[in-house]
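If you want the building blocks of each chain, they are given just below.
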Amino acid sequence: MPNPTPPPSPQLFFETINSFHRTGALKAAVELGLFTSIGASPSTATEIAVRCQCPERGIRILADYLAILGFLTKDGLRYALTPDSAVFLDQNSPAYFGNSVKFLLAPGLTEAFNDLASTIRSGRIHTSEHGTTAPDHPAWVEFARAMGPMMIPTARGAAELVPLDPARDTRILDISASHGAYGITFAQRNPRAHLVALDWEAVLAVTTENAKAAGIANRFSKIVGDAFTVDLGNNYDIVLVPNFLHHFSATECTGFLRRIHAALRPGGQVVIIEFVPNEDRITPPASATFSMVMLGTTPEGDAYTFAEYHQMLTTAGFHDAQLHPLPPTAQCAVIATA
């Protein structure tokens, strides 16, 4: 006999409407250093409470909740980190992501979703005119300081796709460079490459620090200003456009890509890093849901499909556009030739 259809359930409604509990619990665990306090040593709630300098009750309830969510395991009375938590949430790990909480939960981002219905009704962001696309938006300094480690796997995957000619000097332009992870990774793989980073002045202070730390300060320069209007220079071999185009309308993106085309040497390549949903716009979830972020925080941004990027690039004068997934991340590289 076939399995009967399960009856209607309100469970998804309750899980979704109460999802702020998950956010609050994870934020608390990061701020308390709970994951770091466990580290490689499975521990009881009493032991964790001592290390975190908190009463045991709250630690026990929080640790149980994190085990339910899948951030911890529990064996008897002892909690341990999952492999993912050990890599990304223990401060002793070089891939620690905990600092990203400061950006991801910044008021300028979370407040955008407090009255999303107003944004949808009016067709404009209810919190401000330009959202996160406003010139010199302070959120991008926090982004640059907090999000760099999260971008390293994607940057490495993209750099492997586009090797530069090792027999000559080459030039790379990193648009909206931020932490600089993408441009720095390309420059490290190509010892004769000079990196030019473009962003707002306050953000470029972080980029410059990271370039020095990466040992490429003698092959690094910067352009300060609005990527849509500032002089980009020319004769670049590669222009990197990581996580930038999703902030703008398809028309604005196409016009911007024309500027990129003019800045590249013949045969140069643009490397776009983005969340790229399938044509159905609901898969894969990690990419498809990103359009909701853009609805709440930008006037006209979106998560564009590869067909849409292909059209933008073709209209802007590029050819041979190709889509390259960048596992294990949820992002893709869209690469085209001038």
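Residues numbered from 1 in each chain as written. Predicted model: local features only at pLDDT ≥ 70, side-chain atom pairs only at ≥ 80, totals over all residues. Heavy atoms only, no water.

**Considerations on helix 17 (residues 306-315)**
Then, in step 1: Restricting attention to buried positions, one finds in helix 17 the residues Tyr309, Met312 and Leu313. Down the axis of helix 17, the smallest arc covering the buried residues is 95°, so these residues share one side.
Then, in step 2: Packing partners of the buried residues in helix 17 comprise helix 14 (250-263), strand 8 (264-274), strand 9 (319-325) and strand 10 (332-337).
Then, in step 3: Once helix 17 ends, the next one or two residues include Gly317, with phi positive near 105°. (Buried < 20%, exposed > 50% of the residue type's maximum accessible area, 1.4 Å probe, protein only. Helix = DSSP H or I, 4+ residues; strand = E, 2+ residues; numbered from the N terminus. Arc of directions from axis to C-beta. Contact = heavy atoms within 4.5 Å.)

**Section: the sheet that holds strand 4 (residues 170-174)**
Each strand in a sheet pairs with another by means of backbone hydrogen bonds, the pair being arranged parallel or else antiparallel.
Then, in step 1: One open sheet accounts for seven strands, arranged 6-5-4-7-8-10-9; its pairing is mixed. Looking at which strands have only one partner, the edges of the open sheet turn out to be strand 6 (220-224) and strand 9. The mean inter-strand angle of the sheet, taken between neighbouring strand axes irrespective of direction, is 20°.
Then, in step 2: Bridge count for strand 9 against strand 10 is five bridges, and the pairing is antiparallel. Bridging from a neighbouring strand, His319 pairs with Thr337 of strand 10.
Then, in step 3: Those strands touched by helix 14 are strand 7 (236-242) and strand 8, and its axis lies near 140° from that of strand 8.
Then, in step 4: Along the sheet, helix 17 contacts strand 8, strand 9 and strand 10; its crossing angle with strand 9, the most-contacted strand, is approximately 150°. (Pairing = 2+ DSSP bridges. Axes fitted to C-alpha atoms, helices over the stretch in contact; angles between N-to-C directions.)

**Considerations on the sheet that holds strand 3 (residues 78-81)**
Then, in step 1: Overall, antiparallel pairing links the three strands, which are arranged 1-3-2 in an open sheet. The open sheet has two edge strands, strand 1 (43-44) and strand 2 (72-75), and neither has a second partner.
Then, in step 2: Sheet topology places strand 1 next to strand 3; two bridges connect them, and they run antiparallel. Looking across to strand 3, one finds that Ser43 is bridged to Tyr79.
Then, in step 3: Sitting on the sheet, helix 5 (residues 56-69) touches strand 2 and strand 3, and the angle it makes with strand 2 is about 110°.

**Quick notes on the environment of Ala144**
Then, in step 1: For Ala144, the position within the fold is in helix 10 (residues 139-146).
Then, in step 2: Given a relative accessible area of 3%, Ala144 falls into the buried group.
Then, in step 3: For the pair Ala144 and Leu204, spaced 60 residues apart in the sequence, the C-alpha separation amounts to 8.7 Å.
Then, in step 4: Leave out the neighbours within four places in its chain, and Ala144 touches Ser178, His179, Val203 and Val206.

**Focus: the pattern of salt bridges**
Then, in step 1: The tally for this structure, following the rule as stated, stands at eight salt bridges.
Then, in step 2: Across the pair Asp237 and Arg265 runs a salt bridge whose closest N-O atoms are separated by 2.5 Å. On the criterion of sequence distance, the pair formed by Asp237 in strand 7 and Arg265 in strand 8 is long-range, its members being 28 residues apart.
Then, in step 3: Take Arg265: its relative accessible area is 24%, and that puts it in the partly exposed class. (Salt bridge = Lys/Arg side-chain N within 4 Å of Asp/Glu carboxyl O.)

**Structural notes on helix 14**
Helical periodicity: at 3.6 residues per turn, an α-helix aligns residues three or four positions apart in one direction.
Then, in step 1: With 14 residues, helix 14 ought to run about 20 Å at 1.5 Å a step, and its terminal C-alpha atoms sit 20 Å apart, in line with that.
Then, in step 2: For helix 14, the set of buried residues is Cys253, Thr254, Phe256, Leu257, Ile260 and Ala263. Looking straight down helix 14, one finds that the buried residues subtend no more than 165° of arc, so they occupy a single side. Relative to its buried face, helix 14 has exposed residues pointing more than 90 degrees away, namely Thr251 and Ala262.
Then, in step 3: On its buried side, helix 14 packs onto strand 7, strand 8 and helix 17. (Expected span 1.5 Å × (residues − 1).)

**Comments concerning the pairing of strand 8**
Note on strand geometry: in a regular strand, side chains alternate between the two faces of the sheet.
Then, in step 1: Sheet topology places strand 7 next to strand 8; six bridges connect them, and they run parallel. The residue bridging Pro242 from the neighbouring strand is Ile273, located in strand 8.
Then, in step 2: When strand 8 meets strand 10, the two strands line up antiparallel, connected through six bridges. Bridge pairing in strand 10 places Ile272 opposite Val334.

**Regarding the packing of helix 10 against helix 13 (residues 201-213)**
Then, in step 1: Contact pair helix 10 / helix 13: the axes reach a minimum separation of 8 Å and the direction vectors enclose 10°. For the element pair helix 10 / helix 13, the angle class is roughly parallel. Between helix 10, through Trp140, Val141, Ala144 and Arg145, and helix 13, the contact on the second element is made entirely by Ala202, Val203, Val206 and Glu209.
Then, in step 2: When its residues are assigned to classes, the contact of helix 10 with helix 13 shows six nonpolar, no polar and two charged. (Parallel < 35°, antiparallel > 145°, perpendicular 65-115°, else oblique. Nonpolar A, V, L, I, M, F, W, Y, C, P; charged D, E, K, R; others polar.)

**A few points about unusual backbone geometry**
Then, in step 1: Here the amide bond leading from Thr283 into Pro284 is cis, since omega sits at -20°, within 30 degrees of zero.
Then, in step 2: Mapped onto the elements of the fold, Pro284 is located in the loop between strand 8 and helix 15 (285-288).
Then, in step 3: A cis geometry characterises the amide bond from Pro327 onward to Pro328, with omega recorded as 10°.
Then, in step 4: Mapped onto the elements of the fold, Pro328 is located in the loop between strand 9 and strand 10.
Then, in step 5: Residue Asn243 is not a glycine yet carries a positive backbone phi of 50°.
Then, in step 6: Structurally, Asn243 is set in the loop between strand 7 and helix 14.

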